[in-house]
Every structure is written in structure tokens, then in C-alpha cells.
Amino acid sequence: MEDSPDAAQDLSGDLPVSPVAGSGYVVVDASRLSLRPLWVGFALTVAGLLLFVSAARSAGAAEARSVAETCALPAFIYYFMMVHRVVRVLGAQPGWSVAYTPAAAVWKHFIPFYGVYFLYLWPSDVERYVNWRLGRRSRFALWTFLGLLAGVCMRYFDSYVGLLLMMTSLCFVYVPLKRALAAGVAEESSPTYSGTLGLR
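Residues numbered from 1 in each chain as written. Predicted model: local features only at pLDDT ≥ 70, side-chain atom pairs only at ≥ 80, totals over all residues. Heavy atoms only, no water.

## Re the overall build of the protein chain
Okay, so step 1: The helix and strand tally for the protein chain stands at seven helices and two strands.
Okay, so step 2: Sequence-distant contacts in the protein chain: of pairs separated by 6 or more residues, those separated by 24 or more amount to 65%.
Okay, so step 3: When the accessible surface of the protein chain is summed, it comes to about 10900 Å², and 65% of that surface belongs to carbon and sulfur atoms. (Helix = DSSP H or I, 4+ residues; strand = E, 2+ residues; numbered from the N terminus. Contact = heavy atoms within 4.5 Å. Areas by Shrake-Rupley, 256 points an atom, 1.4 Å probe, with all protein chains shown as cover.)

## Looking at the confidence of the model for the protein chain
Okay, so step 1: Overall, the predicted model of the protein chain reaches an average pLDDT of 77, with 70% of residues at or above 70.
Okay, so step 2: Within the protein chain, the element-level pLDDT minimum falls on strand E2 (residues 26–28), averaging 38, and the maximum on helix H4 (residues 102–107), averaging 94.
Okay, so step 3: Here residues 186–200 is a poorly scored stretch, pLDDT under 50, and it has 37 contacts once near neighbours within four places are set aside; other chains count. (pLDDT = per-residue confidence, 0-100.)

## Structural notes on the layout of surface pockets
Okay, so step 1: In this structure, the largest pocket encloses a volume near 330 Å³.
Okay, so step 2: Among the secondary structure elements, those contributing two or more residues to the lining of the largest pocket are helix H3 (61–91), helix H5 (114–134) and helix H6 (141–154).
Okay, so step 3: Classifying every residue of the lining of the largest pocket gives ten nonpolar, two polar and one charged. (1 Å grid on protein atoms, 1.4 Å probe; cavity = no way out; pocket = protein on both sides within 12 Å on 5 of 7 lines; lining within 4 Å. Points joined across faces, edges and corners; volume = space filled by probe spheres on them. Nonpolar A, V, L, I, M, F, W, Y, C, P; charged D, E, K, R; others polar.)

## What about unusual backbone geometry?
Okay, so step 1: Of note in the backbone geometry, Phe113 takes a positive phi value of approximately 70° without being a glycine.
Okay, so step 2: Tracing the chain through its elements places Phe113 in the loop between H4 and H5.

## Some points on the environment of Trp39
Okay, so step 1: Inspection of the secondary structure assignment puts Trp39 in helix H2 (residues 38–56).
Okay, so step 2: Sequence separation between Trp39 and Thr168 is 129 residues, and the spatial gap between their C-alpha atoms is 10.0 Å.

## Describing the pattern of salt bridges
Okay, so step 1: Here the structure, examined in full by the defined rule, presents one salt bridge.
Okay, so step 2: For Asp125, the salt bridge identified is with Arg128, shortest N-O distance 3.2 Å. Of this pair, Asp125 and Arg128 are both found in helix H5, three residues apart, which corresponds to roughly one turn of the helix.
Okay, so step 3: Residue classification places Arg128 among the buried residues on the basis of a relative accessible area of 11%. (Salt bridge = Lys/Arg side-chain N within 4 Å of Asp/Glu carboxyl O. Buried < 20%, exposed > 50% of the residue type's maximum accessible area, 1.4 Å probe, protein only.)

## Things to note about a nonpolar patch on the surface
Okay, so step 1: A cluster of nonpolar residues, Met154, Tyr156, Phe157, Val161 and Leu165, forms a patch on the protein surface that exposes about 530 Å² of accessible area.
Okay, so step 2: Here Phe157 is to be found in the loop between H6 and helix H7 (159–182).
Okay, so step 3: Taking relative accessible area as the criterion, Phe157 reaches 70% and is therefore assigned exposed. (Patch = residues over 30% accessible without salt bridge, like charges linked within 9 Å, V, L, I, M, F, W, Y side chains within 5 Å.)

## Quick word on the nonpolar core
Okay, so step 1: One finds Tyr79, Trp122, Val126 and Leu170 to be the most contacted residues of the largest nonpolar core, which totals 45 residues.
Okay, so step 2: Mapped onto this core, the elements with two or more residues apiece are H2, H3, H4, H5, H6 and H7.
Okay, so step 3: Ranked by the residues each element gives to this core, the list is headed by H3, at 15 residues.
Okay, so step 4: Residues within four places of Val126 in sequence aside, it is in contact with Val86, Leu90, Phe140, Val173 and Leu177. (Core = buried A, V, L, I, M, F, W, Y, C linked by side-chain atoms within 4.5 Å.)

Below you can see the structure in the form of C-alpha cells.
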């Protein structure tokens with residue numbers, strides 16, 4: 001049975017694809033994969049806060065906590081959507097690979113104890129890629145980790161302050177990553193970079 005471009009398109013799902021010259025196959029076009037907008041996370045957090053303030057007026061004190069969590073849920077889900085996309089973009093870059101899938105990057109957050117380490121691990125992988133691509137020694141993974149950890153802890157006291165901390169921490173990842181993605185492809189192979197604090 002002969003493969004066809006249509007069959008390859010079906011297997012690629014919603015990934016951006018382009019035809020390969022001289023063959024009937026299509027491949028993922030990494031240049032068309034883009035990061036999810038960070039401002040949407042801030043907008044969802046602020047919108048959730050305003051919705052909570054409006055709903056809390058008619059809710060009792062016992063219901064205020066559940067109302068706050070419900071209104072903050074879209075922004076929390078969007079955080080995982082951004083992590084999923086970051087890992088997906090990294091995995092599609094020429095000459096680079098990630099040790100876990102985008103879906104695994106999401107559910108590993110929920111593993112007890114390991115989830116805390118993973119808050120450092122995925123920004124560290126971004127840091128390694130940025131340093132490889134730009135030939136620098138950036139050290140933003142640690143600050144991203146500390147901000148994410150503070151945000152997760154703060155969510156148990158105030159969901160919206162915690163979410164704002166998490167979204168702000170992602171700025172440390174997004175700014176250098178966008179700069180690296182816009183740069184030319186690095187010529188050397190992927191290095192064995194130890195990462196911040198040598199935890200990897």
C-alpha cells in the first residue's frame with residue numbers, strides 16, 4: 001500500500017506541515033509553530049479576579065473559596081497550555097530534542113514531590129536550548145523556578161496573587177526563548193549542558 005500526502009496530513013493532526021520536495025510526504029514546519037500569547041494568561045487572571053469580586057458579593061463566606069477557585073480555573077488551565085506549547089515548540093526545533101512529550105510536561109506537574117522538581121526541570125530545558133542556540137550562558141531557569149514555586153504556594157492563600165506570580169515568572173522564559181527562536185539555527189550539536197545549579 002502506497003503512502004499518500006493526505007495520509008501523512010491525517011497523521012500530523014493539527015501540526016503545521018509542508019510538503020517535502022521530490023516525495024509524497026509532509027513534515028512538521030517548526031518555523032510556523034509559535035508560543036501561546038503570554039498576555040492572555042494575565043488577561044484571564046484579571047478577568048477571573050473581576051468575576052470573583054462580582055460573584056463573591058452574593059456568596060457567603062463559606063462559598064467564597066470555591067468561587068475564587070472556579071473563577072481562577074481558566075487561567076490555571078492556560079498555564080498548562082503554555083507549558084505544553086513551549087515543550088512542543090522545543091521538540092520541533094532542528095537539532096534539538098526534549099526527553100518528555102508535551103502531554104507529559106503537563107501531567108508531571110501533578111506527581112507528588114517530583115512535580116516541584118519539574119517546576120525547575122522544564123525551564124532548565126528551555127535554558128539549555130537558549131544557551132545552545134544563542135551561544136550564551138543565561139541563568140533564568142532558577143528565577144523561573146522560584147517564581148513558579150512561590151506562585152503555586154501562594155495559590156493556597158490567594159489564587160490570583162499566585163497566578164500573577166506564575167504568569168510573571170513565565171516572562172523569564174518567554175523573552176529569551178522568543179529571541180532564540182528568532183535567531184539562526186545553531187551549527188554545533190546539542191551540548192551536554194548541566195543547567196543552573198547543575199541539577200540536570
